[in-house]
Amino acid sequence: MNGRELVGSVKLVGSKRGLRTVRSAWRRARADARALPSRGAERARVPGPVTGAEPGPGGGVVRFARSELRIRVAVGGAVFWGWDGAEPLPSYALPGDAPGADPRAVLEPGTDGGWQVVSQRLTVAVSRHGAVELRTPGGVVLRRELPPRWWEPVAGGEARWVQRSEVPADARFFGLGGRAAGPRLRDGSYALWNTDPGGRFGPGDDPLYLTMPVQVVVSDAGTHLVFHDNSWSGRVSLREGKEGAGSGHDRPGVSEVRMDGGPLRCWVVAGTPARVLAGWSALTGPAAVPPSWALGPQHARWGFGSEREVRRIAAGYRERGLALSVLHLDIDHFDGHRVFTVDRERFPDLPGLAEELRRDGVRLVSIVDPAVAAVAGNEVYDSGRAVGASGAFVRDARGRVVRGEVWPGECVFPDFTDPGVRAWWGGLYEERLAQGFAGVWHDMNEPVSFAAFGDPSLPRSARHALEGRGGDHREAHNVYGLAMARAGYEGLSRLRPDERPFLFSRSGWAGMQRYGGTWSGDVTTGWPGLRASLALALGLGLCGVPYSGPDVGGFDGSPSPELYLRWFQLGAYLPLFRTHAAIGAGRREPWEFGPEVLAGAREALVERERLRPYWVTLARLAGLTGAPYVRPLWWSSPGDRALRDCEDAFLLGDALLVAPVLEPGVRERAVRLPPGRWYDTVSGAVYEGPGQVVVEAPLSRVPVLARAGAVIPVRGPGGDVELEVWAPVAGRVGGGTVVLDAGDGWEPVEVERYTTRLVGGRVVVERDGEERRVDRPVRVRGA
């Protein structure tokens with residue numbers, strides 16, 4: 001227990017809820033002590049010497065004295081390997097069947113008694129003692145996995161294991177889900193257990209709500225992603241390497257994955273960053289494309305309290321000419337905090353309110369928590385008890401329903417790893433749609449059960465269906481939020497088959513992009529929280545979750561006017577652009593911070609709306625290619641070591657470079673540029689990369705640079721789509737991709753590809769190689 005938890009516990013114990021949280025924590029500890037006995041004596045095991053091999057589709061099986069290793073190269077280039085007979089399925093990360101084997105990849109004898117599988121993009125070399133090397137087609141080592149080690153309880157039970165890996169000395173680590181200290185993951189230990197940090201977090205807090213055993217490693221040798229497909233609790237320890245000076249030896253970077261149980265299996269995708277994310281998307285499923293209105297500005301607050309206050313906020317935006325697309329209602333609109341209910345006194349006509357707002361172009365989005373109040377007469381609780389043979393709710397090892405303490409009081413928790421429970425839960429969203437809500441955000445779904453001490457979750461011994469396989473919470477915990485997102489997404493799809501669902505979730509796991517996005521959670525108000533907001537968005541994008549964003553202004557405090565505006569400006573260039581705050585944390589409306597902040601916020605909102613066609617394009621491309629909307633500066637130049645170490649700026653698609661202000665009092669800042677010519681989109685100043693430049697950063701805006709030759713779809717003065725073209729460099733070809741908004745359903749889209757070049761001093765824009773096919777207004781800038 002840390003100091004914050006201790007203070008919280010002392011405050012809670014004197015209250016009725018506090019006593020219940022103590023009881024809940026005590027019940028959880030007793031249940032685990034009873035059902036999960038001590039591991040006792042353990043027997044260590046390593047693979048031992050190789051004894052033989054058997055070729056198979058896409059690779060084969062290499063046998064050792066005390067284990068066996070299955071290798072399979074999939075169509076598309078992803079490589080799978082699993083120890084002790086582990087197969088790609090079952091897996092919550094994969095959307096269905098595992099990809100087929102590449103028949104061109106063959107297991108063959110290697111050097112020194114080992115074996116190897118040679119594919120188009122990677123060679124997998126297995127030593128005679130079980131080390132696995134990943135090599136490029138040119139023979140350069142990307143990663144070396146040392147022989148794994150297992151510890152098996154002598155009395156029986158799940159084996160825990162460790163896999164230690166080495167990467168080139170210059171490599172940088174990214175990923176592992178949402179990490180506030182990222183996006184570059186420095187030396188340290190990172191837990192794999194989705195966790196509510198307790199009301200607020202900053203860069204030093206780990207773990208957070210959404211962890212994934214997904215690493216992206218970037219080095220001079222190349223880029224690769226490695227995914228250890230195991231949802232058990234674990235820990236990843238990282239240590240960056242160091243290159244030897246003069247004749248000194250290089251010290252490789254080290255990754256050590258320790259898991260408390262479950263299979264030792266992993267997938268690897270290698271290539272350029274774009275190819276890696278495309279391969280990851282092909283493996284785990286394409287990102288859900290949000291409806292176009294979800295790409296606009298959004299506003300939330302825990303504590304609107306009434307329809308009157310919601311109308312006041314909407315009118316405040318409208319009367320000041322500020323763009324607003326979405327308003328979010330938090331748990332205070334529920335009746336007694338009970339999910340799928342409405343407080344009729346404070347919100348007497350929610351459908352009417354929703355219709356009124358929609359006429360002004362504003363949608364309502366509802367919070368949905370998984371915890372169900374365990375009270376007879378609560379319709380959700382009563383209907384859940386009737387699901388299947390034993391009800392919808394998680395039970396303990398003795399067959400009793402697990403109870404915990406959450407906002408409504410004593411609660412029970414649906415088992416979303418049961419297909420029948422998911423179908424039941426998805427049907428409940430009909431009530432939300434009937435109330436006029438256009439989308440949902442899932443909260444508290446790590447899952448959280450308030451506890452006066454220890455882990456604020458369910459007993460690790462709690463039982464889950466796990467798609468019929470059966471198991472306990474040690475395996476189900478990290479995929480709980482993912483399975484809840486699936487239930488919600490599939491339910492909304494059934495209820496409104498002609499509309500793309502809008503859903504984002506605080507917790508999740510690998511593959512959650514199939515069902516929607518996520519947000520930062522309760523990021524602390526302060527400049528460190530602002531920096532963590534950018535780190536989370538970049539890191540999650542590299543893990544395949546492209547739609548995310550922070551609580552603009554921070555969740556738990558009152559930001560200064562300068563901090564609020566700088567956060568607002570950052571949020572305007574992130575996919576999910578939403579202000580939000582807790583009860584008592586102060587307001588988040590732009591006009592509450594004075595005329596200077598209001599003017600700066602208006603400028604950010606105007607530019608967000610002007611770029612709406614570009615956001616639509618990025619959303620579609622994320623679904624088609626896996627490329628995140630926001631990308632690290634090294635995205636197109638992973639060999640540039642200076643860019644790999646840059647964490648305070650990012651690319652928005654291929655065309656724009658955004659350099660937010662992350663410190664107080666800054667009015668100009670240094671920006672590290674990727675190769676090529678860049679234009680300041682406001683001043684028109686021209687900069688040449690690679691290199692570092694100093695640019696203006698007045699309080700009214702943050703620096704945004706456009707790549708020479710870029711074609712950016714924007715909203716023109718009349719609302720139609722125009723092409724903003726930034727002059728290319730003489731002798732070089734530029735271009736861009738445009739995907740127009742085809743509606744909020746499943747309509748097919750057309751991808752338009754443009755090229756630009758300088759001919760005789762004139763900027764020529766062509767579509768599919770023909771200038772005459774460009775049928776949209778073109779505005780050339782930077783010429």
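Residues numbered from 1 in each chain as written. Predicted model: local features only at pLDDT ≥ 70, side-chain atom pairs only at ≥ 80, totals over all residues. Heavy atoms only, no water.

Draft legend 1. Molecular detail of the overall build of the protein. Counting its secondary structure elements, the protein contains 14 helices and 43 strands. Taking 2.2 N^0.38 as the reference for a compact globule, 783 residues should give roughly 28 Å; the C-alpha atoms of the protein span a radius of gyration of 26 Å, in line with that estimate. Considered along the principal axes of its C-alpha atoms, the protein spans approximately 70 × 70 × 45 Å. The buried share among the 783 residues of the protein stands at 60%. Long-range contacts, defined as pairs at least 24 residues apart, comprise 67% of the intrachain contacts of the protein with a sequence gap of at least 6. Total accessible area on the protein stands at roughly 28,400 Å², and carbon and sulfur atoms take up 50% of it. Measuring between centres, the 97 positive side-chain charges of the protein sit 3 Å from its 92 negative side-chain charges. (Helix = DSSP H or I, 4+ residues; strand = E, 2+ residues; numbered from the N terminus. Rg over C-alpha atoms; globule rule 2.2 N^0.38 Å. Buried < 20%, exposed > 50% of the residue type's maximum accessible area, 1.4 Å probe, protein only. Contact = heavy atoms within 4.5 Å. Areas by Shrake-Rupley, 256 points an atom, 1.4 Å probe, with all protein chains shown as cover. Lys, Arg positive; Asp, Glu negative; His and termini not counted. Charge placed at Lys NZ, Arg CZ, Asp CG, Glu CD.)

Draft legend 2. Inspection of the side chain of Ser 91 at higher detail. Mapped onto the elements, Ser 91 comes out in the loop between β5 (79-83) and β6 (106-109). On the accessibility criterion, Ser 91 (15% relative accessible area) is buried. Here the side chain of Ser 91 touches Ala 93 through a polar contact of 3.1 Å, landing on its backbone nitrogen. A polar side-chain atom of Ser 91 sits 3.5 Å from the main-chain amide nitrogen of Leu 94. For Ser 91, the contacting residues outside a window of four places in its chain are Asp 229 and Arg 265. (Polar contact = N/O pair within 3.5 Å; in protein donor to acceptor, adjacent residues only side chain to side chain.)

Draft legend 3. Structural view of the sheet that holds strand β42 (residues 762-767). Strand order in the open sheet formed by three strands is β40-β41-β42, and the pairing between neighbours is antiparallel. Sheet topology places β40 (734-739) and β42 at the edges, where each strand pairs with a single neighbour. Shown here is a sheet whose adjacent strand axes are inclined to one another by a mean of 25°, direction ignored. Both β40 and strand β41 (residues 751-759) contribute to a ladder of six bridges, which runs antiparallel. In the sheet register, Val 739 faces β41, and the bridge partner there is Val 751. Most of the contacts of helix α13 (residues 612-625) go to β40, to which it runs at about 85°, and overall it touches β40 and β41. (Pairing = 2+ DSSP bridges. Axes fitted to C-alpha atoms, helices over the stretch in contact; angles between N-to-C directions.)

Draft legend 4. Just the environment of Val 289, in detail. Mapped onto the secondary structure, Val 289 falls in the loop between α3 (273-284) and β20 (298-301). Residues Val 289 and Pro 348, spaced 59 residues apart in sequence, show a C-alpha to C-alpha distance of 33 Å. Dropping the residues within four chain positions of it, Val 289 is found in contact with Arg 500, Ala 619, Arg 620 and Gly 623.

Draft legend 5. Expanded view of the packing of aromatic side chains. Tallied over the full model, the rule gives 31 aromatic pairs. A centroid spacing of 5.4 Å and a plane angle of 80° characterise the contact between Trp 441 and Trp 519, whose relative ring orientation is edge-to-face. Here the residue Trp 441 occupies a position in strand β26 (residues 439-442), and Trp 519 occupies one in the loop between β29 (503-505) and α10 (527-542), the gap between them amounting to 78 residues. For Trp 441, a relative accessible area of 1% translates into the label buried. The buried category is assigned to Trp 519, whose relative accessible area is 4%. With a centroid separation of 4.1 Å and 10° between ring planes, the pair formed by Tyr 564 and Phe 593 is classed as stacked. Placement of the pair is Tyr 564 in helix α11 (residues 561-571) and Phe 593 in the loop between β31 (578-579) and α12 (595-610), with a sequence separation of 29 residues. In terms of burial, Tyr 564 and Phe 593 fall into one category: buried. What links up through ring pairs into an aromatic cluster is the set Trp 293, Trp 441, Phe 502, Phe 504, Trp 519, Tyr 547, Trp 615 and Tyr 629. For Arg 578, the ring lying beneath its charged end belongs to Trp 441, and the centroid distance is 4.4 Å. (Phe/Tyr/Trp six-rings, centres within 6.5 Å; stacked < 30°, edge-to-face > 60°. Lys NZ or Arg CZ within 6 Å of the ring centre and 35° of its normal.)

Draft legend 6. Here's a closer look at the packing of helix α7 (residues 419-434) against helix α9 (residues 480-495). Between α7 and α9, whose axes approach to 8 Å, the crossing angle comes to 55°. Taken together, the axis directions place α7 and α9 in an arrangement best described as oblique. In the crossing of α7 with α9, the sense of the turn from one axis to the other is right-handed. In this structure, α7 contributes Arg 422, Ala 423, Trp 425, Gly 426, Gly 427, Tyr 429, Glu 430 and Leu 433 to the contact, and α9 contributes Ala 483, Met 484, Arg 486, Ala 487, Gly 488, Gly 491, Leu 492, Arg 494 and Leu 495. Classifying every residue of the contact of α7 with α9 by side-chain character gives nine nonpolar, four polar and four charged. (Parallel < 35°, antiparallel > 145°, perpendicular 65-115°, else oblique. Left-handed = near helix turned anticlockwise from the far one by under 90°. Nonpolar A, V, L, I, M, F, W, Y, C, P; charged D, E, K, R; others polar.)

Draft legend 7. Molecular detail of the packing of α12 against α13. One can describe the packing of α12 onto α13 by two numbers: an axis separation of 4 Å at closest approach and a directional angle of 55°. The angle between the axes of α12 and α13 places the two elements in the oblique class. Across the interface between the two elements, Arg 608, Glu 609 and Arg 610 of α12 pack against Arg 612, Pro 613 and Trp 615 of α13. In terms of residue class, the contact of α12 with α13 is made up of two nonpolar, no polar and four charged.

Draft legend 8. Inspection of the pattern of salt bridges at higher detail. Within the structure shown, the criterion is met by 70 salt bridges. A salt bridge links Arg 172 to Asp 645; the shortest N-O distance between them is 2.8 Å. Here Arg 172, found in strand β13 (residues 172-177), pairs with Asp 645, found in the loop between α14 (641-644) and β33 (650-652); they are 473 residues apart in sequence, far enough to count as distant. Residue class for Arg 172 comes out buried when judged on its relative accessible area of 15%. Assessed through its relative accessible area of 32%, Asp 645 is described here as partly exposed. Asp 396 serves as the salt-bridge partner of Arg 400, at 3.2 Å between the closest nitrogen and oxygen. (Salt bridge = Lys/Arg side-chain N within 4 Å of Asp/Glu carboxyl O.)

Draft legend 9. Seen up close, α9. Helix length check: α9, at 16 residues, gives a terminal C-alpha distance of 23 Å against a target of 22 Å (1.5 Å per residue), a fit within 8%. Among all positions in α9, only Tyr 480, Gly 481, Leu 482, Ala 483, Met 484, Ala 485, Ala 487, Gly 488, Tyr 489, Gly 491 and Leu 492 are buried. (Expected span 1.5 Å × (residues − 1).)

Draft legend 10. Quick look at α10. Its 16 residues place the ends of α10 24 Å apart at the C-alpha level, agreeing with the 22 Å of an ideal helix rising 1.5 Å per residue. Burial analysis of α10 places 14 of its 16 residues in the buried class, the great majority of the element.

Draft legend 11. Region of the structure containing the sheet that holds strand β15 (residues 211-219). The antiparallel open sheet is built from eight strands, whose spatial order is β2-β3-β4-β5-β19-β16-β15-β13. One side of each edge strand has no neighbouring strand; the edge strands of this open sheet are β2 (50-56) and β13. Neighbour to neighbour, the strand axes of the sheet diverge by 15° on average, direction disregarded. Across six bridges, the pairing between strand β16 (residues 222-228) and strand β19 (residues 265-271) is antiparallel. In the sheet register, Thr 223 faces β19, and the bridge partner there is Gly 271. Along the sheet face, α3 touches β15, β16 and β19 and points at about 140° away from the line of β19. Contacting β13, β15 and β16, α10 runs over the sheet at an angle of about 90° to β13.

Draft legend 12. How the structure looks around unusual backbone geometry. Residue Pro 183 is bonded to the preceding Gly 182 through a cis peptide linkage, with omega at 5°. Tracing the backbone through its elements, the reader meets Pro 183 in the loop between β13 and β14 (188-192). For the bond from Asp 206 to Pro 207, the omega torsion is 0°, close enough to zero to count as cis. Mapped onto the secondary structure, Pro 207 falls in the loop between β14 and β15. With phi around 50°, Leu 466 is a residue other than glycine that occupies positive phi space.

Draft legend 13. Spatial organisation of the confidence of the model for the protein. Mean pLDDT over the protein stands at 95; residues scoring 70 or higher make up 98%. Throughout residues 1-13 the model reports pLDDT below 50, and contacts reaching past four residues in sequence, or to other chains, amount to 16 contacts. (pLDDT = per-residue confidence, 0-100.)

Draft legend 14. A look at the nonpolar core. Counting 195 residues, the largest nonpolar core has Leu 327, Trp 425 and Leu 657 as the members making the most contacts within it. Looking at this core element by element, the count peaks at nine residues for α10. When neighbours within four sequence positions are excluded, Leu 657 is seen to be in contact with Leu 633, Ala 649, Phe 650, Leu 651, Val 671, Arg 672, Leu 673, Pro 674, Trp 678, Pro 703, Val 704 and Leu 705. Judged by nonpolar contacts, the second largest core, of 38 residues, contains Trp 81, Leu 142, Tyr 190 and Leu 264. (Core = buried A, V, L, I, M, F, W, Y, C linked by side-chain atoms within 4.5 Å.)

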